[in-house]
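Architecture and fold: a report
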Amino acid sequence: MSCEEALRRLAEYLDRELDRRSDAALARHLERCRACFSRAEFERKLKQALRGTGSRRAPERLRSRIKSLVDSF
């Protein structure tokens with residue numbers, strides 16, 4: 001697997017959406033290629049950090065302002 005293909009399929013890999021054969025091929029590539037491994041780790045940590053950001057409810061004042069803006073269209 002080339003670096004180009006690995007990076008193109010990285011999101012699917014991290015989301016566990018690849019078939020077993022493609023998953024194994026990408027995993028082998030990441031074991032050998034330090035640059036792609038570093039990118040994969042960055043993407044994995046970013047996804048993990050973003051996963052927790054949407055769990056809080058916006059303050060009521062902000063919600064009201066957004067609703068007002070949307071209603072004005």
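Reading the values: the criteria
- Residues numbered from 1 in each chain as written.
- Predicted model: local features only at pLDDT ≥ 70, side-chain atom pairs only at ≥ 80, totals over all residues.
- Heavy atoms only, no water.
- pLDDT = per-residue confidence, 0-100.
- Helix = DSSP H or I, 4+ residues; strand = E, 2+ residues; numbered from the N terminus.
- Axes fitted to C-alpha atoms, helices over the stretch in contact; angles between N-to-C directions.
- Parallel < 35°, antiparallel > 145°, perpendicular 65-115°, else oblique.
- Left-handed = near helix turned anticlockwise from the far one by under 90°.
- Contact = heavy atoms within 4.5 Å.
- Nonpolar A, V, L, I, M, F, W, Y, C, P; charged D, E, K, R; others polar.
- Buried < 20%, exposed > 50% of the residue type's maximum accessible area, 1.4 Å probe, protein only.
- Core = buried A, V, L, I, M, F, W, Y, C linked by side-chain atoms within 4.5 Å.
- Salt bridge = Lys/Arg side-chain N within 4 Å of Asp/Glu carboxyl O.

Brief notes about the confidence of the model for the protein chain
With 100% of its residues at a pLDDT of 70 or more, the protein chain shows a mean pLDDT of 92. No element of the protein chain has a lower mean pLDDT than helix H5 (residues 60–71), which averages 92, and none a higher one than helix H3 (residues 20–32), which averages 97.

So, the packing of H3 against helix H4 (residues 34–51)
Between H3 and H4, the shortest axis-to-axis distance is 6 Å and the interhelical angle comes to 110°. By the criterion of interaxial angle, the relationship of H3 to H4 is roughly perpendicular. Seen along the crossing, H3 lies across H4 with a hand that is left-handed. Touching His 29, Leu 30 and Arg 32 of H3 are Arg 34, Cys 36, Phe 37 and Ala 40, all from H4. Residue classes in the contact of H3 with H4 are distributed as four nonpolar, one polar and two charged.

Remarks on the side chain of Ser 22
Tracing the backbone through its elements, the reader meets Ser 22 in helix H3. Note on Ser 22: relative accessible area 15%, which makes it buried. In this view, Ser 22 contacts Met 1 and Arg 9; residues no more than four positions away in its chain are not counted.

Let's talk about the nonpolar core
Judged by nonpolar contacts, Ala 6, Leu 10, Tyr 13, Leu 14, Leu 18, Leu 26, Leu 30, Cys 33, Cys 36 and Ala 40 together constitute the single largest core of 10 residues. Of all elements in the fold, only helix H2 (10–14), H3 and H4 reach the threshold of two or more residues within this core. The greatest single-element share of this core, amounting to three residues, is contributed by H2. In contact with Ala 40, other than residues within four places in its own chain, are Leu 10, Leu 14 and Leu 30.

Topic: unusual backbone geometry
Phi at Arg 16 takes a positive value of approximately 55°, unusual for a residue other than glycine. Along the chain, the position of Arg 16 falls in the loop between H2 and H3. Using a relative accessible area of 75% as the deciding quantity, one classes Arg 16 as exposed.

Digging into the pattern of salt bridges
Considering all chains together, one arrives at six salt bridges under this definition. Between Glu 43 and Arg 39 there is a salt bridge whose closest N-O contact spans 3.1 Å. With Glu 43 and Arg 39 both in helix H4, this residue pair falls four residues apart, about one helical turn. Of the charged contacts, one joins Asp 71 and Lys 67 as a salt bridge, the two residues approaching to 2.8 Å between their closest N and O atoms. With Asp 71 and Lys 67 both in helix H5 and four residues apart, the pair spans about one turn of that helix.

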